[in-house]
Amino acid sequence: LTKLGAKKISDGLVNSWHYDFPDEKIKNNSDHLRIRQEGGHSFITFKSPISRDQAKIMEELETDIQDIKTMKTIFEKIGLEMKGEFQKQRVSYELNDSKIELDKNPNIPWYLEIEAKGIQHIHSISEALGIQRSQLKPWSTKQVYQHYKK
């Protein structure tokens, strides 16, 4: 990645807490709500799928938070429940207005995620990395786990 001009922007643990209502309204709409901590940065993200054809395209609404414990309490007071808590190792790079992330979750090998403005940009980066289009998958983390659990 560095040979292509990518700049390493972080390397460390990522902690995530995923929330939904008891009736799983958020999940049933294929949306996601989480609190995440990466290094000293904490934030809330709400994701909604736009497309999963050639790439996983999500609308992401995100805002910083100062106090994870207080935010968890607020979520619980409005009726949300923590549905999962996850930790992974992540190495992040920036390249040409794109984010390239290498993730290592428990019990599965390292995998790469490219966050770019569009599918052509994803193809350009993947080709520069020697990754064929047939190897690209528009998978969620859950789908990656399912693939390796076979």
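Described in the following lines is the structure provided in the data block. Think of each chain on its own: its residues are numbered from 1, step by step along the sequence as written. Per-residue local features of the predicted model are confined to residues with pLDDT of at least 70, and side-chain atom pairs are confined, for both listing and counting, to 80 or more; whole-chain, interface and lining totals are unaffected and use all residues. Side-chain calculation: all heavy atoms of the structure are included, whereas hydrogens and water are not.

Below, the discussion takes up the packing of aromatic side chains. The rule is short: rings of Phe, Tyr and Trp, with Trp giving its six-membered ring, pair when the centres are within 6.5 Å, and they are stacked under 30 degrees, edge-to-face over 60, tilted in between. All told, the structure shown has one aromatic pair when counted by the stated rule. Measuring from ring centre to ring centre gives 5.0 Å for Tyr19 and Phe75, while their planes differ by 80 degrees; the resulting arrangement is edge-to-face. With Tyr19 in strand S1 (residues 7-20) and Phe75 in helix H2 (residues 68-77), this pair connects stretches of sequence that are 56 residues apart. Buried, partly exposed and exposed residues are distinguished by accessible area as a fraction of the type maximum, computed with a 1.4 Å probe on protein chains only: under 20%, between the cut-offs, and over 50%, respectively. The buried category is assigned to Tyr19, whose relative accessible area is 3%. Strands here are runs of E lasting at least two residues and helices are runs of H or I lasting at least four, both read from the DSSP assignment and numbered beginning at the N terminus.

Moving on to H2. Taken together, the buried positions of H2 are Ile68, Met71, Lys72 and Phe75. Buried residues of H2, seen end-on, are gathered within an arc of 100 degrees and therefore sit on one face of the element. Looking at H2, the residues exposed on the side facing more than 90 degrees away from the buried face are Lys69 and Lys77. Any two residues whose heavy atoms approach within 4.5 Å are treated as being in contact. Buried residues belonging to H2 abut S1, strand S2 (32-38), strand S3 (41-51) and strand S5 (81-95). Here a polar contact is taken to be a pair of N or O atoms separated by no more than 3.5 Å, where protein atoms must pair a possible hydrogen donor with a possible acceptor and residues adjacent in sequence count only if both atoms sit in side chains. Between the side-chain oxygen of the N-cap and the backbone nitrogen of Lys69 there are 3.1 Å, and the N-cap of H2 in question is Asp67. Taken from the helix axis, the directions to the C-beta atoms give the arc we talk about.

For two strands to be treated as a pair, DSSP must find at least two bridges joining them. Taken together, seven strands build an open sheet; the order of strands is S4-S3-S2-S1-S5-S6-S7 and the sheet is antiparallel. With one partner strand each, in any of the chains shown, strand S4 (57-64) and strand S7 (111-115) form the two edges of the open sheet. The average undirected angle you get between the axes of adjacent strands in this sheet is 30 degrees. Contacting S1, S2, S3 and S5, H2 crosses the sheet at an angle of about 170 degrees to S2. For helices, the fitted axis covers only the stretch in contact; all axes are lines through C-alpha atoms, and the angles between them, taken along N-to-C directions, range from 0 to 180 degrees.

With that out of the way, let us pick up the nonpolar core. Buried Ala, Val, Leu, Ile, Met, Phe, Trp, Tyr and Cys residues that are joined via side-chain atoms within 4.5 Å together make up what is termed a nonpolar core. Ranked by size, the top nonpolar core spans 11 residues in total: Trp17, Tyr19, Ile26, Leu33, Ile35, Ile44, Ile65, Ile68, Met71, Phe75 and Leu80. When contributions to this core are tallied by element, the ones reaching two or more residues are S1, S2 and H2. By size, the runner-up hydrophobic cluster in this structure holds nine residues, among which are Ala6, Tyr93, Ile100 and Ile122.

Our next topic: the pattern of salt bridges. Salt bridges are defined as contacts in which a side-chain nitrogen from Lys or Arg sits within 4 Å of a carboxyl oxygen from Asp or Glu. All chains considered together, the criterion is met by nine salt bridges. As a salt-bridge pair, Lys8 and Asp11 come within 3.6 Å of each other at their nearest N and O atoms. By relative accessible area, which is 44% here, Lys8 ends up partly exposed. Residue Lys99 is joined to Glu101 by a salt bridge in which the shortest nitrogen-to-oxygen separation is 3.7 Å. The class for Lys99 is partly exposed, based on a relative accessible area of 30%. Residue classification places Glu101 among the buried residues on the basis of a relative accessible area of 1%.

When S1 meets S5, the two strands line up antiparallel, connected through 13 bridges. Of the residues in S5, the one forming a bridge with Asn15 is Gln87. The antiparallel hairpin formed by S5 and strand S6 (residues 98-104) contains two residues in its connecting segment, where Asn96 sits at a positive phi of about 50 degrees.

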